[in-house]
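Notes for the structure review
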Amino acid sequence: MNSYFMTEFRKKLKDSAIDFYITFSSDPHLSEYIDDIYNEKELFTKFKGSYGVVVVSADQLLLWTDSRYFIEAEELAAAGGFTLMKQGIDPSWDKWLDQQGLDSFTVGLSFSCTATNSLLKLREKKENCLVVNTDEIDDFLPREKPRHKNIFSLSKFPIVAQRLEYIRNEIFYRGKDNLMLLSALDDVAWLTNLRGSDIEFNPVFYSYLLVADSFSILFCDEQLLDEQDRFELTQLGIEIKPYSVTLLKEKILEIALDQMNIFFSKTSLNGELYTFLEELKGFRSVLFSDLSSFYQYKNIKTPDELELLRKAMICDGVALTLFYKSLLNSWELNEFVLGEKISRCREVAAARLGFRYFSESFEPISAWGPNGAIIHYKADPDKCARLSEPVIDNQLLLLDSGGQYSCGTTDVTRVFSLGKKSNQAIRDYSLVLKGHLALKHSIFPKDTPNSKLDTLARFNLWSDLKDYGHGTGHGVGFCLNVHEGPFGIRKNLSELCLAPGMVLTDEPGFYKKGEYGIRIENMLAVQSENDEFLSFEDLTLFPYDLDLIKRQILGKSNLAKVLEYHRVVYSRLNAFLSKKEKAVLKKYSKI
């Protein structure tokens, strides 16, 4: 942290009579990955993790993050004079404010980059908390305008008409005088079937979308739309307007002259827009934050999308085979180079199958040895670990990576053992794999809360007094964000249930600080067993490391399932591999 910057910033707080400044490091669309112009968390702390909350006051600096980043964030926080607050262990930022024992205090935050739920938490402290919108303070933390890059259609537009019809028939069932506001970028991209590259790793573009009963308005950089796409959208009754929150507000006011239900999601609507909509309540519009049926529909992939996604998984399987082959023949490589290598392998694999490879779906996690215990490790090209021969004990390579293809989005994690393995590392890998298999081979009633499914993946680790701090599975978009909510498999999502066509990950893990990290991740599609029960189709196509398996722990039944899976992997990939590549895959699969 630059001491001069902090001194000047604290002077701004004093001049503005602000006791605490809070930043959630988000953008106006509450995106998980954000442009650097919005990344205040990193500006203050140099912490690059996707989740963090920073609180700055006259005499305190605090950084909150979750268990994925504890090891990484602790070092950075200490170096910058921050105190690390561990989510789930320490008091949350709002509870911490309560514990300061102040009769009254003022909190400053950027309403445009703060989630509605966070703003409402502060407003609940009505008696002693004044909330100030720092967006309205000149030059408080000036930022550039967002950069617009490109917009393109994913495929033909009939699917858009179907999606609009669903919204109007299902979400607007309360009556025709309804308006839906979509502000999350992946929601807009999904509904319009348009994609872009305004945010790294996510094929989305800066936009808002209003949907009414008889028309829709898309706010985006219209100059980036080609003439044919613009014509197709217009034919569907979608009007194109410039990307502008001011223009968005004006249009809402114009539309909502009569009393109207406005549907939106609190989790993806920023505080500025919520405050604006809230001011309409009572004399123009009635607010509804219910888009649950929208997300249920959005999260379910069509049969065509699932078929394309299976092709994407072949691309991924070929890419990982190429990666593993090069790993066997190339020593003295570092973690950063390996992260770049898997991306190049994906590009080669996509070309073999005749698809386009756009980019990684997130920054690859290539972690060697002790770095694997840092759950969301980021390799620094100047000081990252180097693989070398001979390999010492427990130097496992954890590779978590994914791709954005024209046929889908992928996410896969594998652990590669390249040297001697301790009995403990083998035991831990076997327990993680056993939980992974228990989840992917499960059959469960349709109304099963996902927290119960989460237990399947953890049970074997728990029996060994072990656990992991992250969720077991997250939704994955189709040619969209690799993390797609709200459905997933976690301890704290008990009210949500899965449905056929949803795609999510299965990724239990275990992390031994200072020694190694183990995580095994496949993507699964939810499928029907009958009218009452569901199961999973395993989409991912790459073997597990059998050299890390203790057969007595895994058991005969599970071992048979693993070997059968390896045979399926080989049968689906071999047509796209050279003779030497087939030999490598077959040997690694032990089939």
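Note that the coordinates shown come from a computational prediction; the quantities given were computed from them, not determined experimentally.

Re the overall build of the chain
Per the secondary structure count, the chain includes 18 helices and 28 strands. Expected size for 591 residues packed as a compact globule is a radius of gyration near 25 Å; at 25 Å, the chain falls within 12% of this value. Seen through its C-alpha atoms, the chain measures out along the principal axes to roughly 70 × 60 × 45 Å. Here the chain holds 591 residues, and the buried ones make up 57% of them. For the chain, the share of sequence-separated contacts (at least 6 apart) that also reach a separation of at least 24 residues comes to 71%.

Topic: the nonpolar core
Among the nonpolar cores identified, the biggest contains 79 residues, and Phe 323, Leu 327, Phe 416, Tyr 429 and Leu 433 are the most heavily contacted of them. Considering each element in turn, this core owes the most residues, 13 residues, to helix α12 (residues 303–329). Counting 37 residues, the second largest nonpolar core, distinct from the first, contains Tyr 38, Ile 171, Cys 220 and Leu 291.

Observations regarding the pattern of salt bridges
Taken as a whole and assessed by the stated rule, the structure comprises 31 salt bridges. When the shortest N-O distance is used, the salt bridge between Asp 467 and Lys 491 registers 3.1 Å. With Asp 467 in the loop between α15 (450–462) and β22 (473–475) and Lys 491 in the loop between β23 (484–489) and β24 (503–506), this residue pair connects regions lying 24 residues apart in the sequence. Residue Asp 467 is classed as partly exposed on the basis of its relative accessible area of 30%. According to the relative accessible area criterion, Lys 491 is partly exposed, its value standing at 47%. Lys 590 is paired through a salt bridge with Asp 547; the nearest N and O atoms lie 3.3 Å apart. With Lys 590 in the segment after α18 (579–589) and Asp 547 in the loop between β28 (533–538) and α16 (551–554), this residue pair connects regions lying 43 residues apart in the sequence. If you follow the salt bridges from partner to partner, you end up with Asp 186, Asp 187, Lys 298, Lys 301 and Glu 484 in one network.

Comments concerning the pairing of strand β20 (residues 412–417)
The side chains of a regular strand alternate, first on one face of the sheet and then on the other. By the criterion of burial, β20 is predominantly enclosed, with six of the six residues buried. Side-chain alternation along β20 places Val 412, Arg 414 and Phe 416 on one buried face and Thr 413, Val 415 and Ser 417 on a second face that is also buried. Sheet topology places strand β17 (residues 396–401) next to β20; six bridges connect them, and they run antiparallel. Counted as the bridge partner of Ser 401 is Val 412 from β20.

Remarks on the pairing of strand β25 (residues 509–512)
As paired elements, β25 and strand β26 (residues 516–519) share four bridges and run antiparallel to each other. What sits directly across from Gly 509, in β26, is Arg 519. Hairpin connection, β25 to β26: the antiparallel pair is bridged by three residues, and Gly 514 has positive phi, about 85°.

Some remarks on the side chain of Glu 581
Secondary-structure assignment places Glu 581 in helix α18. The buried category is assigned to Glu 581, whose relative accessible area is 8%. In this structure, Glu 581 is in contact with Thr 321, Leu 322, Lys 325, Arg 352 and Phe 576, ignoring residues within four places of it in sequence.

Brief notes about the sheet that holds strand β15 (residues 357–360)
Taken together, the three strands give an open sheet; going across it, the order is β15-β18-β19, and neighbouring strands pair in antiparallel fashion. Strands with a single pairing partner mark the edges of an open sheet, and in this sheet they are β15 and β19 (408–409). Bridging between strand β18 (residues 403–405) and β19 involves two bridges; their strand directions are antiparallel. When the bridges of β19 are listed, Tyr 405 appears paired with Gly 408.

Brief notes about helix α3 (residues 70–79)
Structural remark: α-helix, 3.6 residues per turn; residues separated by three or four positions point the same way. Turning to α3, its buried residues number three or more, namely Phe 70, Glu 72, Ala 73 and Ala 77. Summarising the axial view, the buried residues of α3 lie within an arc of 155°, below the 170-degree limit, and thus occupy one face. Residues of α3 that are exposed and point more than 90 degrees away from the buried face comprise Glu 75, Ala 78 and Ala 79. Following α3 by one or two positions, Gly 81 has its phi on the positive side, about 80°.

Quick look at the sheet that holds strand β16 (residues 365–368)
Spatially, the three strands line up as an open sheet ordered β16-β17-β20, and their pairing is antiparallel. Only two strands of the sheet have a single partner each, and these edge strands are β16 and β20. The sheet shows a mean angle of 10° between the axes of neighbouring strands, direction not considered. Against the sheet, helix α13 (residues 335–353) makes contact with β16, β17 and β20, and its axis sits at roughly 140° relative to β16, the strand it touches most.

Notes on the side chain of Ser 110
Turning to its location among the elements, Ser 110 is positioned in the loop between β5 (105–109) and α5 (116–123). Residue Ser 110 is classed as buried on the basis of its relative accessible area of 5%. Apart from residues no more than four positions distant in its own chain, Ser 110 is found in contact with Tyr 21, Asn 133, Thr 134, Asp 135 and Arg 143.

Re unusual backbone geometry
With the exception of glycine, most residues fall at negative phi, and the peptide bonds are largely trans. Between Gly 485 and Pro 486 the backbone carries a cis peptide bond, its omega angle lying at 0°. Along the polypeptide, Pro 486 turns up in strand β23. Phi at Ala 17 takes a positive value of approximately 55°, unusual for a residue other than glycine. Counting through the fold element by element, Ala 17 comes out in the loop between α1 (3–15) and β1 (20–23). Phi is positive for Phe 201, close to 75°, though the residue is something other than glycine. Counting through the fold element by element, Phe 201 comes out in the loop between β9 (194–196) and β10 (208–212). Residue classification places Phe 201 among the buried residues on the basis of a relative accessible area of 11%.

Here we look at the packing of aromatic side chains
Per the counting criterion, the structure on display carries 30 aromatic pairs. Between Phe 264 and Tyr 274 the ring centres are 6.0 Å apart and the planes differ by 65°, which places this aromatic pair in the edge-to-face class. With Phe 264 in the loop between β13 (260–263) and α10 (271–280) and Tyr 274 in helix α10, the pair connects residues that are ten residues apart, well separated along the chain. Given the relative accessible area of 2%, Phe 264 is considered buried. In this structure Tyr 274 comes out as buried when scored by relative accessible area, which is 9%.

Regarding the packing of α12 against α13
Where α12 meets α13, the closest approach of the two axes is 8 Å, and the angle between their N-to-C directions is 130°. Overall, the two elements α12 and α13 adopt an arrangement that is oblique. In terms of crossing hand, the pair formed by α12 and α13 is right-handed. Across from Lys 311, Ile 314, Cys 315, Asp 316, Val 318, Ala 319, Leu 320, Leu 322, Phe 323, Ser 326 and Leu 327 in α12, the residues of α13 making contact are Leu 338, Lys 341, Ile 342, Cys 345, Arg 346, Val 348, Ala 349, Ala 350, Arg 352 and Leu 353.

Calculation rules
Residues numbered from 1 in each chain as written. Predicted model: local features only at pLDDT ≥ 70, side-chain atom pairs only at ≥ 80, totals over all residues. Heavy atoms only, no water. Helix = DSSP H or I, 4+ residues; strand = E, 2+ residues; numbered from the N terminus. Rg over C-alpha atoms; globule rule 2.2 N^0.38 Å. Buried < 20%, exposed > 50% of the residue type's maximum accessible area, 1.4 Å probe, protein only. Contact = heavy atoms within 4.5 Å. Core = buried A, V, L, I, M, F, W, Y, C linked by side-chain atoms within 4.5 Å. Salt bridge = Lys/Arg side-chain N within 4 Å of Asp/Glu carboxyl O. Pairing = 2+ DSSP bridges. Arc of directions from axis to C-beta. Axes fitted to C-alpha atoms, helices over the stretch in contact; angles between N-to-C directions. Phe/Tyr/Trp six-rings, centres within 6.5 Å; stacked < 30°, edge-to-face > 60°. Parallel < 35°, antiparallel > 145°, perpendicular 65-115°, else oblique. Left-handed = near helix turned anticlockwise from the far one by under 90°.

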